[in-house]
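One letter stands for each residue in the lines below.
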Amino acid sequence: IMSANNREFFRVEEEAYVIIKYVPKNNIRQVAADISASMRMNNLATINKNIKDGLALINGRNRQLAQLMASMDEKMDYILRVVEGGSMEETKIQPINLSSGGCRFYTTEVYGSREVIDITIRFTNLVEVRALAMVVFSKPASDTKYGTHEMACEFKAISKSHKEAIDTRVMDRQQQDLKVRHDDRYQAKPEGVEDGS
């Protein structure tokens, strides 16, 4: 069984949306408290999933109505960002390097080392995790369509349930990768040769 310390360093490649917002020094404690409670984000993730499921169902019956509902959903997201205040960036779906201790991804915003951000990672199954994170590095990125800078951050405050969601995601991806490698090895073996491992 993988220990908690090992999980922090085991990294996997994932596909996800990343939403980041700068946190001024005088707001760090409040944002950390909000993230530790995490009830609002858990509820929002459930609501988002229900909306997406409903839109998929409606789209099969009435495409114009589904497009209208999707536009209304986007408008509500925009209003929420305005109410929350400050500059917020939501990336397109992109490959991110993830562990329970932090992540690396692409962004168009430039951050300095040790700046603090409020980060939400939304996976393709619409599960969301949110953390208060410190920027480890930000450097110009080349040959990518996902953003102008590559950024790595370390999670500093995260709820237990969100950390468990990341751990589960990391372990699931590790098992998938091991299975793929095993299948590739099995298919590459010459016929009649037994695996001695």
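These numbers were taken from a predicted model, which means no experiment stands behind them.

A. The arrangement of the environment of Gln-67 in detail. Along the chain, the position of Gln-67 falls in helix H4 (residues 63-84). Linking Gln-67 and Leu-55, residues twelve residues apart in sequence, is a C-alpha distance of 8.4 Å.

B. Fine view of the environment of Gly-102. As for its position among the elements, Gly-102 is in strand E4 (residues 102-107). For the pair Gly-102 and Cys-153, spaced 51 residues apart in sequence, the C-alpha to C-alpha distance is 5.6 Å. If near-sequence neighbours (up to four positions away) are discounted, Gly-102 is found in contact with Arg-11, Asn-97, Cys-153, Glu-154 and Phe-155.

C. Geometry of helix H2 (residues 28-37). Turning to H2, its buried residues are Val-31, Ala-32 and Ile-35. The arc enclosing the buried residues of H2, seen along the axis, measures out at 100 degrees, which places them on a common side. Turned more than 90 degrees away from the buried face of H2 sit Arg-29 and Gln-30, all of them exposed. Looking at the buried residues of H2, the elements they touch are strand E5 (116-123), strand E6 (128-140) and strand E7 (149-158).

D. View of the pattern of salt bridges. Under the definition given, this model contains nine salt bridges. Ionic pairing is found between Lys-163 and Asp-167, a salt bridge with its closest N-O pair at 3.6 Å. Of this pair, Lys-163 and Asp-167 both sit in helix H5 (residues 160-188), four residues apart, which is roughly one turn of the helix. Relative accessible area serves as the criterion here: at 24%, Lys-163 is assigned to the partly exposed category.

E. Seen up close, the packing of aromatic side chains. In this structure the tally under the stated criterion is one aromatic pair. Taking 6.1 Å as the distance between ring centres and 20 degrees as the angle between the ring planes, the aromatic pair formed by Tyr-106 and Tyr-146 counts as stacked. Pair noted here: Tyr-106 is in strand E4 and Tyr-146 is in the loop between E6 and E7, with a separation of 40 residues, a long-range link. When the ring centre of Tyr-17 is taken as reference, the NZ or CZ atom of Arg-122 above it lies at 6.0 Å.

F. Representation of the confidence of the model for the protein chain in the model. Here the protein chain shows a mean pLDDT of 81. Residues at 70 or above account for 80%. Helix H1 (residues 4-9) is the least confidently modelled element of the protein chain, averaging 49 in pLDDT, while E4 averages 96, the highest of any element. This model gives residues 1-7 a pLDDT under 50, and the stretch forms seven contacts once residues within four places in sequence are excluded.

G. Summary view of the pairing of E4. Note that strand E3 (residues 94-99) and E4 share three bridges and pair antiparallel. Paired with Leu-98 across the two strands is Cys-103, which belongs to E4. The antiparallel pairing of E3 with E4 creates a hairpin that spans two residues between the two strands. One ladder, built from six bridges, connects E4 with E7; its direction is antiparallel. Along E7, the bridge assignment pairs Cys-103 with Cys-153.

H. Focus on the nonpolar core. Core analysis: the biggest nonpolar cluster contains 22 residues, and Leu-98, Phe-105, Ile-117, Ile-119, Ile-121 and Phe-155 have the highest contact counts within it. Listing elements by their share of this core, those giving two or more residues are strand E1 (12-22), E3, E4, E5, E6, E7 and H5. When neighbours within four sequence positions are excluded, Ile-119 is seen to be in contact with Val-18, Ile-19, Ile-20, Cys-103, Phe-105, Val-129, Arg-130, Ala-131, Ala-133, Cys-153 and Phe-155. Val-23, Val-31, Leu-132 and Ala-157 belong to the second-largest nonpolar core, a separate cluster that totals seven residues.

Conventions used here
- Residues numbered from 1 in each chain as written.
- Predicted model: local features only at pLDDT ≥ 70, side-chain atom pairs only at ≥ 80, totals over all residues.
- Heavy atoms only, no water.
- Helix = DSSP H or I, 4+ residues; strand = E, 2+ residues; numbered from the N terminus.
- Contact = heavy atoms within 4.5 Å.
- Buried < 20%, exposed > 50% of the residue type's maximum accessible area, 1.4 Å probe, protein only.
- Arc of directions from axis to C-beta.
- Salt bridge = Lys/Arg side-chain N within 4 Å of Asp/Glu carboxyl O.
- Phe/Tyr/Trp six-rings, centres within 6.5 Å; stacked < 30°, edge-to-face > 60°.
- Lys NZ or Arg CZ within 6 Å of the ring centre and 35° of its normal.
- pLDDT = per-residue confidence, 0-100.
- Pairing = 2+ DSSP bridges.
- Core = buried A, V, L, I, M, F, W, Y, C linked by side-chain atoms within 4.5 Å.

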